[in-house]
Amino acid sequence: MYGAVWAYPWDLLDEGVDASLARMADAGLAAVSLAAVYHHVRALCPHNPRHAFVHGEGGVVYFQPDDSLFLAASLRPAVSALVREGDPLRAACQSAARHGLRVHAWTVLHHNSRLGQERPDCAIENAFGDRYPFALCPANPAVRAYSHGLVASMAAIEGLDTIEIEALGYMGIDHSGHHAKHGVALDPLHTFLLSVCFCPHCAARMVANGVDVERAREDTRQEVRGFLAGRHRAEDDDVLGALAVVLGEEQSDGLLAARDEAVLALLEELYWTVRDRQRLCVMVTGSPLATGAQAGLTLPKAREWTDRLLTQAFERDPEAVRERVAGIAARRGSTPVFAGLQTLPPFVDSPDELAAQIRAAADAGADGLQFYHYGLMPLERLVWVRDALASL
């Protein structure tokens, strides 16, 4: 089975690109998914020869983009200081074939605090008018132009096999990347309500889908204010149903359709940018209310505009892994599905546990596996990966 591993650029640069890629190949892996566009991170590096911790720059690209592709864009990528020493993504692509490996460009697209702080008009705006600087709005024309430029730049990199997009679409309040503090536990309904974007571009899409935007905004504010004041709505596992109660069924359907439309249209555009040069992979989940790393898209439509679906099955219980993967695989059509699996505590504490999760993902219909994370795992766990893959 096709196996890949996520990695950071400094993992390869500090160990030596060829040395780290050779180690991955020896573990039976077919590919490395290398962070090409990434957010802030503080990473403990158990086998890095130069660092115990790395504090990654926030909202930067780890390759040299084509500046000409951003001439008409008002948002431009910030290039990492590491690129002054070389180009980590291109270096990996140049060396990978010698080791029988492919390279995925791990692209965190719309979670970018640097750009959101520089251009708050491009960030998500909630019903109260608050901007979320960690979350770029995919309906904003400037954000869409930035997305096009990034993907087109990577599509021109020789030897790059796959552009793998994380955080395509609407980020939510529960994925801030900051020192988040709150004294009220938010349930899924109110987390979503606080994550809905009402910026002018999203409002225009809502109107086109039959939404009375001011009414939806006010209904959202009133519901959230009541919840924060302690007037708790009865717990309901049917979050979509609860949303329809708050907004009205037609309003709820129109709002969700507007969000889906904005992201699917962008995905289609990116697909044709990449087509015939690389594969396009999108990280997805099955819920239209998802706001985070995994896009909450209508899967039967999304699969038309991607070569591969990737879902995070970061669970300890193999049955939970099976359920997550099966939920995507059942709606994939002929599109391959990869399962992202953890190798780290608290998800995995033994080789047998990892092997059980791998078997569960395979049984649920996964066509490939992707492991988190080369630079964060002790090297002993790479042996676990090797042995578990060999057992398949």
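Residues numbered from 1 in each chain as written. Predicted model: local features only at pLDDT ≥ 70, side-chain atom pairs only at ≥ 80, totals over all residues. Heavy atoms only, no water.

I would appreciate a short explanation of the overall build of the protein chain in the present structure.
Helix and strand counts for the protein chain stand at 14 helices and 15 strands. A globule of 392 residues ought to have a C-alpha radius of gyration of about 21 Å, and the protein chain, at 21 Å, matches this closely. If you line up the protein chain on its principal axes, its C-alpha atoms span 60 × 50 × 40 Å. Here the protein chain holds 392 residues, and 58% of them are scored as buried. Entry remark: accessible area of the protein chain is about 15800 Å², with carbon and sulfur atoms responsible for 49%. Within the protein chain, one finds 35 positive and 50 negative side-chain charges whose respective centroids are separated by 3 Å. (Helix = DSSP H or I, 4+ residues; strand = E, 2+ residues; numbered from the N terminus. Rg over C-alpha atoms; globule rule 2.2 N^0.38 Å. Buried < 20%, exposed > 50% of the residue type's maximum accessible area, 1.4 Å probe, protein only. Areas by Shrake-Rupley, 256 points an atom, 1.4 Å probe, with all protein chains shown as cover. Lys, Arg positive; Asp, Glu negative; His and termini not counted. Charge placed at Lys NZ, Arg CZ, Asp CG, Glu CD.)

Looking at this model, I keep getting lost on the packing of aromatic side chains. Mind explaining?
The geometry of two aromatic rings is summed up by the distance between their centres and the angle between their planes. Across all of its chains, the model carries 16 aromatic pairs by this definition. Judged by centre distance (5.1 Å) and plane angle (50°), the rings of tyrosine 2 and phenylalanine 338 are tilted. Residue tyrosine 2 is located in strand β1 (residues 2-7), and its partner phenylalanine 338 is located in strand β14 (residues 337-342); the two are separated by 336 residues in the primary sequence. Take tyrosine 2 and phenylalanine 338: they sit in the same class, and that class is buried. Grouped by ring-pair contacts, the aromatic residues Trp6, Tyr8, Trp10, Tyr38, Tyr62, Trp106, Phe314, Phe347 and Tyr372 constitute a single cluster. Above the plane of the ring of tyrosine 170 lies arginine 259, whose end atom (NZ or CZ) is 4.3 Å from the centre. The cationic tip of arginine 308 hangs over the ring face of tyrosine 2; the distance from NZ or CZ to the ring centre is 5.6 Å. (Phe/Tyr/Trp six-rings, centres within 6.5 Å; stacked < 30°, edge-to-face > 60°. Lys NZ or Arg CZ within 6 Å of the ring centre and 35° of its normal.)

For this particular structure, what's the right way to read the packing of helix α9 (residues 239-247) against helix α10 (residues 249-274)?
In a packed pair of helices, the relevant descriptors are the angle between the two axes and the axis-to-axis distance. For the pair α9 and α10, interaxial distance at closest approach is 6 Å and the crossing angle is 115°. Like other packed secondary-structure pairs, α9 and α10 cross with a definite hand, here right-handed. Counted together, Leu240, Leu243, Ala244 and Leu247 of α9 and Glu249, Gln251, Ser252, Leu255 and Leu256 of α10 form the full contact between these two elements. Among the residues making up the contact of α9 with α10, the classes are represented as six nonpolar, two polar and one charged. (Axes fitted to C-alpha atoms, helices over the stretch in contact; angles between N-to-C directions. Left-handed = near helix turned anticlockwise from the far one by under 90°. Contact = heavy atoms within 4.5 Å. Nonpolar A, V, L, I, M, F, W, Y, C, P; charged D, E, K, R; others polar.)

Honestly, the environment of tyrosine 271 in this entry has me stumped. Any pointers?
Structurally, tyrosine 271 can be placed in helix α10. In this structure, the C-alpha to C-alpha distance between tyrosine 271 and cysteine 281, residues ten residues apart in sequence, is 9.3 Å. Excluding anything up to four places from it in sequence, tyrosine 271 contacts Leu280, Glu304, Trp305, Thr306 and Asp307.

For this particular structure, what's the right way to read the pairing of strand β4 (residues 53-56)?
A regular strand carries its side chains on alternate faces of the sheet. Residues Val54 and Gly56 line the buried face of β4, whereas the alternating positions Phe53 and His55 sit on a face that is not buried. By the bridge criterion, four bridges tie strand β3 (residues 41-44) to β4 in an arrangement that is antiparallel. Counted as the bridge partner of leucine 44 is phenylalanine 53 from β4. (Pairing = 2+ DSSP bridges.)

How do you make sense of the pattern of salt bridges when you look at a structure like this?
Any two side chains of opposite charge can pair, so long as their charged atoms come close to each other. Taken as a whole, this structure holds 22 salt bridges when the rule is applied. In this structure, the salt-bridge partner of arginine 215 is aspartate 219, at a minimum N-O distance of 3.7 Å. You can see arginine 215 and its partner aspartate 219 sitting in helix α8 (residues 213-228), four residues apart, about one turn around the helix. Looking at aspartate 219, the relative accessible area reads 23%, which means it is partly exposed. Connected through shared salt-bridge partners, Glu125, Arg131, Glu214 and Arg217 make up one network. (Salt bridge = Lys/Arg side-chain N within 4 Å of Asp/Glu carboxyl O.)

What is the right way to read helix α2 (residues 17-26) from this model?
Given 3.6 residues per helical turn, the α-helix brings residues three or four places apart onto the same face. When α2 is considered as a whole, its buried residues turn out to be Val17, Ser20, Leu21 and Met24. With its buried residues spanning 95° around the axis, α2 presents them on a single face. The inward-facing, buried residues of α2 abut β1, α1 (9-15), β2 (31-38) and α3 (88-96). (Arc of directions from axis to C-beta.)

Would you take a moment to explain the layout of surface pockets for this structure?
Using a probe with the size of a water molecule, rolled over the atoms, empty space left in the structure can be pinpointed. The computed volume of the largest pocket comes to approximately 400 Å³. Together, 15 residues line the largest pocket, and Asp174, Leu289, Ala290, Thr291 and Gly292 are the ones closest to its centre. Here the element with the most residues in the lining of the largest pocket is helix α6 (residues 188-193); it accounts for three residues. (1 Å grid on protein atoms, 1.4 Å probe; cavity = no way out; pocket = protein on both sides within 12 Å on 5 of 7 lines; lining within 4 Å. Points joined across faces, edges and corners; volume = space filled by probe spheres on them.)

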